[in-house]
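Descriptive structure summary
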Amino acid sequence: MHSLMPTMDPIKDCSQLFKTRFKVLELYSGIGGMHFAIKNLPIDSYDLIAIDINTSANGVYIHNHLSHNCQQMERNILSINENHFNEWAIDLLTMSPPCQPFTRIRKLPKYILVENVKGFETSDARQLLIQTLSSCGYGYQEFLLSPNQLNVPNSRLRYYLIAKRGKQFNFNSNNEEFVAKPPDIDPKNLCSFCTNILFQSKDQNLRPISDYLENLDDIQIQSYLLPDKILSKYFMILDIVKSDSLSTNCFTKSYSHRIEGTGSVLQTSDHDIQEVCRQLNDCQTDEQKIVILRSLGLRFFTPKEISNLMSFPTHFDFPEDLTIKQKYRLLGNSVNVKVIEYLLKLLLNDCELKAQI
Ligand SMILES: C[S@@+](CC[C@H](N)C(=O)[O-])C[C@H]1O[C@@H](n2cnc3c(N)ncnc32)[C@H](O)[C@@H]1O
């Protein structure tokens, strides 16, 4: 007897896919932000090769990621050729910035994730990347995303591309090209495994900056206070946040070294900033001004606090021999782990992702 019920296509369960042993190649690996995102995925096991030319970055990478399944190579990426790719048979390739995929590779990666600065989307390099991916049979989707959109109190607008061999993504963006916010995915189009992992990374509540701060003693705070010279010269252009703020500006590699547009500073006193500005107007001398400015207790965020705001795990750590400036530089070059994790989850599944923007 035939059933009168309409037949539904059962959605494949992607949990099996995440059980395969992935081979990952992390190009321009820096301090390993991409690798932390991979560690957050529910994949059972993977082997990873990380390549970067920078000795300090590699030191941090090894300090945090050294394990039997991870090989860190200090070398120039220009020395990697299609033979390496054929030998390694990579499943997932991550790179920031992109290097051109070799069209002659026999064993092309199944999945690719690219990160770059905002502006890359209008470059010739992006055009070439897209052409190469299309000619090699990849479906791809580009994004312009910032961690605030995933409830992280930090802005870091970046270009991202995810590409999958032989598959099309189905995000309906307004401008047909770039997805400028995390897509709203209908859980109906996901298997229960992917529903869990995708919605788990998106839905954490936005928490104030206080949740990301270190417990510093007075002596430590002193060492991060803005010097008088910076206070008097740059006060008007500082982005000042307080511990109850819900956002910070992007921290760049020049943080603390340069001031304009390199990242927020933290006000540690309770003074009303409007009132302070009024008092400044009434000052007769520079000495009076500096006393008022000091009363705000403005300090730089510590490298640890910045790594927290970039969604690095709490156990992330730097080797002892690095200076604070080197730490800022390396973090400023890195990625927000939560954004990468989210994009990898969009990339590494077999559900038909239909999304509305
Ligand atoms: C934007 S950073 C990437 C940071 C990385 N995603 C992270 O989480 O720290 C770019 C990296 O590319 C590396 N790099 C630049 N040119 C390179 C080359 N020709 N060969 C190898 N590494 C290179 C730099 O040393 C730097 O660490």
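See the structure printed just above.
For the structure given in this document, a descriptive report is provided here. Predicted model, so just to flag it, every value in this text is computed and none were measured. (Residues numbered from 1 in each chain as written. Predicted model: local features only at pLDDT ≥ 70, side-chain atom pairs only at ≥ 80, totals over all residues. Heavy atoms only, no water.)

What follows is about the overall build of the chain. Along the backbone of the chain there are twelve helices and 14 strands. Projected onto its principal axes, the C-alpha positions of the chain cover 90 × 55 × 40 Å. Sorting the 357 residues of the chain into buried and exposed places 51% on the buried side. Excluding contacts between residues fewer than 6 apart, the proportion of contacts in the chain whose partners are at least 24 apart in sequence is 71%. About 18000 Å² of surface is accessible on the chain, with carbon and sulfur atoms providing 50% of the total. Side chains of the chain carry 37 positive and 40 negative charges; the gap between the two charge centres is 5 Å. (Helix = DSSP H or I, 4+ residues; strand = E, 2+ residues; numbered from the N terminus. Buried < 20%, exposed > 50% of the residue type's maximum accessible area, 1.4 Å probe, protein only. Contact = heavy atoms within 4.5 Å. Areas by Shrake-Rupley, 256 points an atom, 1.4 Å probe, with all protein chains shown as cover. Lys, Arg positive; Asp, Glu negative; His and termini not counted. Charge placed at Lys NZ, Arg CZ, Asp CG, Glu CD.)

Take the pattern of salt bridges next. Side-chain pairs of opposite charge can arise whenever the charged atoms involved come near each other. Per the stated rule, a full pass over the model turns up ten salt bridges. Close ionic contact of Lys110 with Asp91 constitutes a salt bridge, the shortest N to O distance being 2.7 Å. Placement of Lys110 in the loop between β4 (92-95) and β5 (111-117) and of Asp91 in the loop between α3 (82-88) and β4 is noted, with a sequence separation of 19 residues between them. Residue Arg294 pairs with Asp228 through a salt bridge whose shortest N-O separation is 2.7 Å. Residue Arg294 is found in helix α9 (residues 286-294), and its partner Asp228 is found in helix α7 (residues 228-234); the two are separated by 66 residues along the sequence. (Salt bridge = Lys/Arg side-chain N within 4 Å of Asp/Glu carboxyl O.)

Turning our attention to the site of the ligand. Surveying the vicinity of the ligand reveals 16 residues, the closest of which are Ile31, Asp52, Asn76, Ile77 and Ser334. One of the side-chain N or O atoms of Asp52 is found 2.7 Å from an oxygen atom in the ligand. One nitrogen or oxygen atom from the side chain of Asn76 is found 2.8 Å from a nitrogen atom belonging to the ligand. Contact with the protein chains removes 80% of the 600 Å² of surface that the ligand exposes when unbound. (Near = heavy atom within 4 Å. Polar contact = N/O pair within 3.5 Å; in protein donor to acceptor, adjacent residues only side chain to side chain.)

Accessibility expressed as a relative area gives 13% for Asp91, which makes it buried. Along the sequence, Asp91 and Ile112 sit 21 residues apart, while their C-alpha atoms lie 8.5 Å from each other. Contacts of Asp91, omitting those with residues within four sequence positions, involve Arg21, Phe22, Lys23, Pro109, Lys110 and Tyr111. At a separation of 2.7 Å, a polar atom in the side chain of Asp91 contacts the main-chain amide nitrogen of Lys23. Among the polar contacts made by the side chain of Asp91, one reaches the side chain of Lys110 at a distance of 2.7 Å.

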